[in-house]
There are 2 protein chains.
Amino acid sequence: MLWMPSASASRKSQEKPREIMDAAEDYAKERYGVYSMIQSQEKPDRVLVRVSDLTLHKADEVVWVRARVHTSRAKGKQCFLVLRQQQLNVQALVAVGDHASKQMVKFAANINKESIVDVEGVVRKVNQKIGSCTQQDVELHVQKIYVVSLAEPRLPLQLDDAVRPEVEGEEEGRATVNQDTRLDNRVIDLRTSTSQAVFRLQSGICHLFRETLINKGFVEIQTPKIISAASEGGANVFTVSYFKNNAYLAQSPQLYKQMCICADFEKVFCIGPVFRAEDSNTHRHLTEFVGLDIEMAFNYHYHEVVEEIADTLVQIFKGLQERFQTEIQTVNKQFPCEPFKFLEPTLRLEYCEALAMLREAEIDMGDEEDLSTPNVKLLGCLVKEKYGTDFYILDKYPLAVRPFYIMPDPRNPKQSNSYDMLMRGEEILSGAQRIHDVQLLTERALQHGIDLEKIKAYIDSFHFGAPPHASGGIGLERITMLFLGLHNVRQTSMFPRDPKRLTP
Amino acid sequence: MLWMPSASASRKSQEKPREIMDAAEDYAKERYGVYSMIQSQEKPDRVLVRVSDLTLHKADEVVWVRARVHTSRAKGKQCFLVLRQQQLNVQALVAVGDHASKQMVKFAANINKESIVDVEGVVRKVNQKIGSCTQQDVELHVQKIYVVSLAEPRLPLQLDDAVRPEVEGEEEGRATVNQDTRLDNRVIDLRTSTSQAVFRLQSGICHLFRETLINKGFVEIQTPKIISAASEGGANVFTVSYFKNNAYLAQSPQLYKQMCICADFEKVFCIGPVFRAEDSNTHRHLTEFVGLDIEMAFNYHYHEVVEEIADTLVQIFKGLQERFQTEIQTVNKQFPCEPFKFLEPTLRLEYCEALAMLREAEIDMGDEEDLSTPNVKLLGCLVKEKYGTDFYILDKYPLAVRPFYIMPDPRNPKQSNSYDMLMRGEEILSGAQRIHDVQLLTERALQHGIDLEKIKAYIDSFHFGAPPHASGGIGLERITMLFLGLHNVRQTSMFPRDPKRLTP
């Protein structure tokens with residue numbers, strides 16, 4: 001029987017429980033122990049019940065559950081365990097009696113936190129709600145308990161500390177966990193209810209993005225990340241040794257998205273890594289992030305594209321608020337934040353209107369000056385005050401602050417057909433009508449002092465008939481951070497990369 | 001009026017049509033010409049009808065259509081155009097009469113192939129089906145025609161040549177297009193009906209993969225591509241200059257998927273680029289490809305995972321056959337191929353059974369020998385013959401031919417709990433139960449002569465309780481190629497990367 005404690009089950013890291021198991025005269029000795037390593041020896045006919053299903057509906061049933069030991073507390077002849085499964089947990093009681101011996105209670109009390117166990121128990125209604133668990137109406141009365149995988153005794157961080165709101169930590173002098181400790185021990189930090197919620201919601205953002213775009217008739221494309229030429233002069237590009245030559249990591253899928261438009265795919269999107277060799281150590285910069293990219297041909301006006309993109313974002317916000325309310329509330333417990341507000345249709349401000357608002361707030365800015373980070377933030381506050389939205393479009397950026405391939409505004413040569421979209425006063429998307437005409441593109445590149453030879457492949461794409469088109473690129477980590485009102489993209493990147501961090 | 005021919009509309013590449021336009025005494029001169037560049041000057045109140053909607057239902061209606069000029073043929077006072085939109089096309093007739101002048105017919109006849117035009121016309125039923133177009137029952141009687149974007153006169157390849165079956169090319173001595181010409185001019189090659197179909201179907205594979213897994217409760221994760229240490233000794237890894245140090249491009253998301261399992265995400269998947277610095281120049285190797293990756297915790301037996309993965313692939317095959325029949329048939333026209341066959345549940349063969357089948361076919365192989373490419377191909381034929389399926393699982397690979405982190409089979413120490421999945425006699429997926437126990441993992445790494453220091457981050461992930469888990473990784477280009485019965489992954493990668501190709 002592989003499922004029973006056995007000599008072969010004793011592995012080095014598991015010696016302590018085994019010692020206890022070996023104690024003599026134990027009427028419950030078949031009812032607990034350490035499994036031998038699960039190597040797919042058998043396919044037992046056993047149903048494991050989810051912690052989410054442990055409710056009054058299951059009262060008085062005998063169930064098997066696999067979960068982690070979140071905490072354990074021995075108290076005389078009893079041991080209380082909190083068993084955790086992802087964001088949920090339930091109380092379990094091992095008490096000396098018909099099913100459990102003194103030795104079994106001791107065994108249970110000695111299982112290291114974070115170990116994975118299989119527990120058989122009866123679901124019992126409790127008289128008083130258990131405030132400290134998500135399953136408040138029932139507890140498990142344990143009849144059997146086996147260790148599936150034993151954790152080491154000393155954890156590099158405590159999960160309870162890792163979900164404590166900073167304010168509480170400061171005011172009550174209780175421990176919190178700093179960012180580097182979290183990231184150095186990401187496998188444990190990702191187990192917290194906050195991390196589970198953040199990354200489940202992030203998975204939802206990708207899903208909603210694609211779901212919305214596929215319903216709108218977009219085609220998903222895959223673009224290469226290793227490229228032969230560094231675009232726009234080669235600043236901030238990572239170099240790769242490619243057999244006997246050098247290559248580069250793509251800073252965006254732009255060229256490939258545009259080639260797809262010139263190849264008649266009409267509406268395309270892609271989700272993939274984007275690389276920036278920028279030595280920026282801010283709360284919102286990563287050297288590798290995930291881009292949600294859109295490119296779309298339009299008929300007569302780039303606002304056709306702006307409207308599609310803004311609607312896609314609105315569908316994401318709505319979907320998150322509908323489907324991920326539990327996750328939002330879980331994150332809010334640790335990081336309190338106002339619910340995200342948006343309008344339908346999305347507010348679109350022109351750059352000159354934004355300048356007027358800032359000037360009214362006594363910010364001195366030139367007509368063709370780019371917005372600084374603090375000014376964008378301030379503008380976000382002004383917009384929230386005036387229009388009641390955390391999300392808006394800023395249209396018609398000055399031509400002077402945009403790249404050469406952006407279409408000038410035909411009404412005003414100092415403006416461009418380009419836009420940003422902003423959430424809670426930070427940019428999450430940048431986009432524009434692109435120049436699809438070879439002659440104008442060449443003129444503009446020369447005005448920018450760009451070597452035409454270096455952008456030949458780009459320009460060549462437009463020689464054989466190109467539809468007018470416009471774009472948008474969203475940073476996944478930023479949209480997750482800003483939707484949840486978090487303060488650092490490292491909280492919304494599972495394994496962040498910055499100039500100082502490459503591990504784990 | 002920006003929509004009418006105007007002096008400002010004359011751009012260098014468009015001189016020829018303008019000359020014609022300027023001809024005097026033309027009663028239709030307002031009805032044709034070259035638009036000025038669409039710069040979002042206006043939002044005209046005009047509905048553009050899709051070519052797919054040009055059917056008998058629209059007979060006698062006046063419609064506007066934007067499409068490419070696929071071919072044009074002038075014949076006396078008439079000009080026949082074939083207008084193409086993605087995979088579809090329709091015949092359009094410009095004939096001297098009330099709406100069109102002699103000059104207008106000449107203008108239409110002179111528009112370069114692949115130019116994009118806006119056409120206003122009446123949909124007319126035809127007496128005899130038009131065999132050369134997808135819209136066979138109607139044609140467009142053109143009343144107005146404007147060039148939106150003019151293609152250069154000389155195309156580097158002809159679309160009709162690019163979709164010609166090779167057999168036809170050889171037997172009838174007609175032109176076909178070789179692979180390098182296609183790839184060098186990918187923007188044009190991607191416009192062919194075959195390419196449009198291949199990449200729309202590929203988008204469908206990604207969609208079906210995720211749809212199925214999200215329904216099964218999987219979470220999508222994003223894993224970093226720049227990593228600090230080259231796994232397994234650093235063979236076949238691309239090196240990246242990372243600020244003042246070196247970093248590497250991930251050969252697979254394995255470590256990160258497993259960390260997510262150890263972090264309680266239970267079932268995860270990701271879609272992303274995978275990099276292999278392998279100097280292989282075969283029909284099925286790329287240096288950068290797209291991996292569809294799965295990792296899943298299981299309860300007692302890794303077959304729980306094998307079944308989920310096999311079912312996911314079956315759902316993909318079914319979904320493709322249901323939703324992408326047009327695309328499959330379009331590709332088959334150029335590359336004839338038997339429909340893809342599969343069983344439910346999926347056939348699972350053990351390695352020893354496969355060896356027996358090969359030996360019966362007089363192939364001499366040792367029990368622990370790996371399968372060569374020709375032997376896998378032959379095995380595919382034998383399996384197809386015996387079981388009638390193009391898709392099967394090959395389980396229980398010899399431990400000797402698998403990496404150190406693969407779980408040995410507890411019943412037979414020479415076997416492992418690992419498997420491949422195969423389509424039409426080629427591997428598309430490799431997977432296994434992973435060792436989740438630190439002690440066994442360390443032992444196995446040492447047996448393989450691996451420096452423990454180099455895999456420390458990997459092993460450290462398992463110290464704090466790890467559920468048993470198993471995996472699968474699929475190559476997107478391979479599954480697309482094999483489902484469609486194509487012969488080279490470069491046909492199913494939009495912008496392929498191999499040791500000799502880095503552009504476009």
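Residues numbered from 1 in each chain as written. Chains lettered and ligands numbered in written order. Predicted model: local features only at pLDDT ≥ 70, side-chain atom pairs only at ≥ 80, totals over all residues. Heavy atoms only, no water.

- The name given to chain A in an unreviewed UniProt entry is Aspartate--tRNA ligase, cytoplasmic, with the source organism recorded as Suricata suricatta.
- UniProt, in the comment section headed Subcellular location (unreviewed entry), describes chain A in these words: "Cytoplasm".
- In the Function (unreviewed entry) part of its UniProt record, chain A is described as follows: "Catalyzes the specific attachment of an amino acid to its cognate tRNA in a 2 step reaction: the amino acid (AA) is first activated by ATP to form AA-AMP and then transferred to the acceptor end of the tRNA." (UniProt positions renumbered as here; feature names shortened; annotations may be inferred.)

**Describing the overall build of chain A**
Thought 1: When you go through chain A residue by residue, the secondary structure sums to 15 helices and 19 strands.
Thought 2: Dimensions along the principal axes, computed over C-alpha positions, put chain A at roughly 90 × 55 × 40 Å.
Thought 3: Looking at chain A as a whole, 60% of its 504 residues are labelled buried.
Thought 4: Restricting to contacts in chain A with at least 6 residues of sequence separation, those with at least 24 account for 69%.
Thought 5: On chain A, roughly 20400 Å² of surface is accessible, and the fraction owed to carbon and sulfur atoms is 47%.
Thought 6: Both charge centroids of chain A, one from 61 positive and one from 69 negative side chains, sit 7 Å from each other. (Helix = DSSP H or I, 4+ residues; strand = E, 2+ residues; numbered from the N terminus. Buried < 20%, exposed > 50% of the residue type's maximum accessible area, 1.4 Å probe, protein only. Contact = heavy atoms within 4.5 Å. Areas by Shrake-Rupley, 256 points an atom, 1.4 Å probe, with all protein chains shown as cover. Lys, Arg positive; Asp, Glu negative; His and termini not counted. Charge placed at Lys NZ, Arg CZ, Asp CG, Glu CD.)

**Topic: the sheet that holds strand β14 (residues 391–395) of chain A**
Strands in a sheet are paired, the pairing made by backbone hydrogen bonds, and the direction either parallel or antiparallel.
All names here are of chain A.
Thought 1: Read from one edge to the other, the open sheet built from 8 strands follows the order β7-β11-β12-β19-β18-β17-β14-β13, with strand pairing classed as mixed. Lying at the two open borders of the sheet, with one neighbouring strand each, are β7 (219–220) and β13 (347–350).
Thought 2: Of the strand pairs in this sheet, strand β11 (residues 267–275) and strand β12 (residues 288–297) are connected by 9 bridges, and their pairing is antiparallel. Across the sheet, Gly-272 pairs through a bridge with Gly-291, a residue of β12.
Thought 3: Here helix α8 (residues 254–262) sits on the sheet in contact with β11, β12 and β19 (469–475), set at roughly 20° to β12.
Thought 4: Running over the sheet, helix α11 (residues 351–360) touches β13 and β14 and is turned about 80° from β13. (Pairing = 2+ DSSP bridges. Axes fitted to C-alpha atoms, helices over the stretch in contact; angles between N-to-C directions.)

**With respect to the packing of aromatic side chains**
Each aromatic ring pair is specified by the distance between its two centres and by the angle formed by the two planes.
Thought 1: Taken as a whole and assessed by the stated rule, the structure comprises 40 aromatic pairs over all chains.
Thought 2: Pairing Phe-340 of chain B with Phe-483 of chain B gives two aromatic rings, centres 5.5 Å apart and planes at 45°, and the pair type is tilted. Residue Phe-340 of chain B is found in the loop between α10 (325–334) and β13 (347–350), and its partner Phe-483 of chain B is found in helix α15 (residues 476–484); the two are separated by 143 residues along the sequence. Per residue, the accessibility class of Phe-340 of chain B equals that of Phe-483 of chain B, and both read buried.
Thought 3: With 4.7 Å between their ring centres and 50° between their planes, Tyr-351 of chain B and Tyr-397 of chain B make a pair best called tilted. Placement of Tyr-351 of chain B in helix α11 (residues 351–360) and of Tyr-397 of chain B in the loop between β14 (391–395) and β15 (408–409) is noted, with a sequence separation of 46 residues between them.
Thought 4: Take Tyr-351 of chain B: its relative accessible area is 2%, and that puts it in the buried class.
Thought 5: Here a set of aromatic residues connected by ring pairs shows up, and it is made of Phe-317, Phe-340, Phe-342, Phe-391 and Phe-483 of chain A.
Thought 6: Positioned over the ring face of Trp-64 of chain A is Arg-46 of chain A, at 3.7 Å from the centre of the ring.
Thought 7: It is Arg-402 of chain A that lies over the ring of Tyr-397 of chain A; its NZ or CZ is 4.0 Å from the centre. (Phe/Tyr/Trp six-rings, centres within 6.5 Å; stacked < 30°, edge-to-face > 60°. Lys NZ or Arg CZ within 6 Å of the ring centre and 35° of its normal.)

**Re the sheet that holds strand β7 (residues 219–220) of chain B**
Residue and element names in this part refer to chain B.
Thought 1: Spatially, the 8 strands line up as an open sheet ordered β7-β11-β12-β19-β18-β17-β14-β13, and their pairing is mixed. Strand pairing shows two members of the sheet lacking a second neighbour, β7 and β13, which therefore form its edges.
Thought 2: Of the strand pairs in this sheet, strand β12 (residues 288–297) and strand β19 (residues 469–475) are connected by 7 bridges, and their pairing is antiparallel. Across the sheet, the residue bridging to Gly-291 is Gly-475, located in β19.
Thought 3: Contacting β11 (267–275), β12, β13, β14, β17 (418–423), β18 (426–432) and β19, helix α9 (residues 303–323) runs over the sheet at an angle of about 15° to β17.

**Focus: the interface of chain B and chain A**
Interface size, as often reported, equals the accessible area lost upon joining of the parts.
Thought 1: Contacts between chain B and chain A engage 112 residues on the former and 112 residues on the latter.
Thought 2: Buried area between chain B and chain A, summed over both chains or domains, comes out near 9600 Å², and the portion from carbon and sulfur atoms is 59%.
Thought 3: If you look at where chain B meets chain A, you find 8 salt bridges.
Thought 4: For the salt bridge of Arg-50 of chain B with Glu-266 of chain A, the shortest nitrogen-to-oxygen distance reads 2.9 Å.
Thought 5: Applying the counting rule to chain B against chain A returns 66 residue pairs in polar contact (both at pLDDT 80 or more). (Buried area = accessible area lost by both parts, 1.4 Å probe. Salt bridge = Lys/Arg side-chain N within 4 Å of Asp/Glu carboxyl O. Polar contact = N/O pair within 3.5 Å; in protein donor to acceptor, adjacent residues only side chain to side chain.)

**Focus: the side chain of Arg-478 of chain B**
Thought 1: Within the element layout of this structure, Arg-478 of chain B appears in helix α15.
Thought 2: Setting aside chain neighbours within four positions, we find Arg-478 of chain B in contact with Arg-284, His-285, Glu-427, Ile-428 and Val-489 of chain B.

**Some remarks on the relation of the copies chain B and chain A**
Thought 1: The transform that puts chain B on chain A rotates by 180° and translates by 0.0 Å along the axis, for an RMSD of 0.0 Å. Read as a symmetry element, the transformation amounts to a two-fold axis. The position closest to the rotation axis in chain B is occupied by the C-alpha of Val-240 of chain B, lying 2.2 Å away.
Thought 2: Both copies contact each other with a shared surface, as 100% of the interface residues of chain B are interface residues in chain A too. (Least-squares fit on C-alpha atoms with pLDDT ≥ 70 in both.)

**Looking at the packing of helix α7 (residues 193–215) of chain A against helix α9 (residues 303–323) of chain A**
Residue and element names in this part refer to chain A.
Thought 1: Axis separation between α7 and α9 bottoms out at 9 Å; the angle between their running directions is 135°. The orientation of α7 with respect to α9, classified from their angle, is oblique. Our pair here, α7 against α9, has a crossing hand that is right-handed. Facing Leu-201, Gly-204, Ile-205, His-207, Leu-208, Phe-209, Glu-211, Thr-212 and Leu-213 of α7, the residues of α9 in contact are Thr-312, Gln-315, Ile-316, Gly-319, Leu-320 and Arg-323.
Thought 2: Taken together, the residues of the contact of α7 with α9 sort by class into 7 nonpolar, 6 polar and 2 charged. (Parallel < 35°, antiparallel > 145°, perpendicular 65-115°, else oblique. Left-handed = near helix turned anticlockwise from the far one by under 90°. Nonpolar A, V, L, I, M, F, W, Y, C, P; charged D, E, K, R; others polar.)

**Points about empty space enclosed by the protein**
Thought 1: In total, this model carries 5 cavities of 30 Å³ or more according to the counting rule given.
Thought 2: One number sums up the size of the largest cavity: a volume of about 220 Å³.
Thought 3: Those elements that provide at least two residues to the lining of the largest cavity are β11 of chain A together with α7 (193–215), β11 and β12 of chain B.
Thought 4: Among the residues making up the lining of the largest cavity, the classes are represented as 13 nonpolar, 7 polar and 4 charged.
Thought 5: When its volume is computed, the second largest cavity comes out at roughly 120 Å³.
Thought 6: Along its surface, the second largest cavity is lined by 14 residues, and Val-290, Glu-477 and Ser-493 of chain A together with Gln-222 and Pro-224 of chain B are the ones closest to its centre.
Thought 7: Elements that contribute at least two residues to the lining of the second largest cavity include exactly β12 and α15 (476–484) of chain A.
Thought 8: For the lining of the second largest cavity, the leading source of residues is β12 of chain A, giving 3 residues. (1 Å grid on protein atoms, 1.4 Å probe; cavity = no way out; pocket = protein on both sides within 12 Å on 5 of 7 lines; lining within 4 Å. Points joined across faces, edges and corners; volume = space filled by probe spheres on them.)

**Thoughts on the domain arrangement of chain A**
Thought 1: The domains assigned to chain A are domain 1 (32–149), domain 2 (159–191) and domain 3 (194–491).
Thought 2: One C-alpha centre belongs to domain 1 of chain A, the other to domain 3 of chain A; they are set 48 Å apart. (Domains from an automatic or database assignment.)

**Considering the packing of α7 of chain A against helix α10 (residues 325–334) of chain A**
Residues and elements named next belong to chain A.
Thought 1: Two elements in contact, α7 and α10, have axes separated by 8 Å at closest approach and are oriented at 135°. Put simply, α7 runs oblique to α10. Here the hand of the crossing between α7 and α10 comes out left-handed. Contacts from Ser-193, Thr-194, Ala-197, Val-198, Arg-200 and Leu-201 in α7 reach Glu-327, Ile-328, Thr-330, Val-331 and Gln-334 in α10.

**Description of unusual backbone geometry**
Thought 1: Here the residue pair Thr-503 of chain A and Pro-504 of chain A is connected by a cis peptide bond, since its omega of -5° sits within 30 degrees of zero.
Thought 2: The omega torsion of the bond from Glu-344 of chain B to Pro-345 of chain B falls at -5°, within 30 degrees of zero and hence cis.
Thought 3: You can see Pro-345 of chain B is positioned in the loop between α10 and β13.
Thought 4: One non-glycine residue, Glu-362 of chain A, adopts positive backbone phi at about 65°.
Thought 5: As for its placement among the helices and strands, Glu-362 of chain A is situated in the loop between α11 and α12 (373–387).
Thought 6: Of note in this structure, Glu-114 of chain B is not a glycine but carries a positive phi near 75°.
Thought 7: Note on placement: Glu-114 of chain B falls in the loop between α2 (102–109) and β5 (116–125).

**Re the pattern of salt bridges**
Residues and elements named next belong to chain B.
Thought 1: Per the counting criterion, the structure on display carries 78 salt bridges over all chains.
Thought 2: Between Glu-308 and Lys-216 there is a salt bridge; the shortest N-O distance is 2.8 Å. In this pair, Glu-308 sits in helix α9 while Lys-216 sits in the loop between α7 and β7, placing the two residues 92 residues apart along the sequence.
Thought 3: A residue is classified by how much of its surface remains accessible, and Glu-308, at 19% relative accessible area, is buried.
Thought 4: In this structure, the salt-bridge partner of Asp-460 is Lys-456, at a minimum N-O distance of 2.9 Å.

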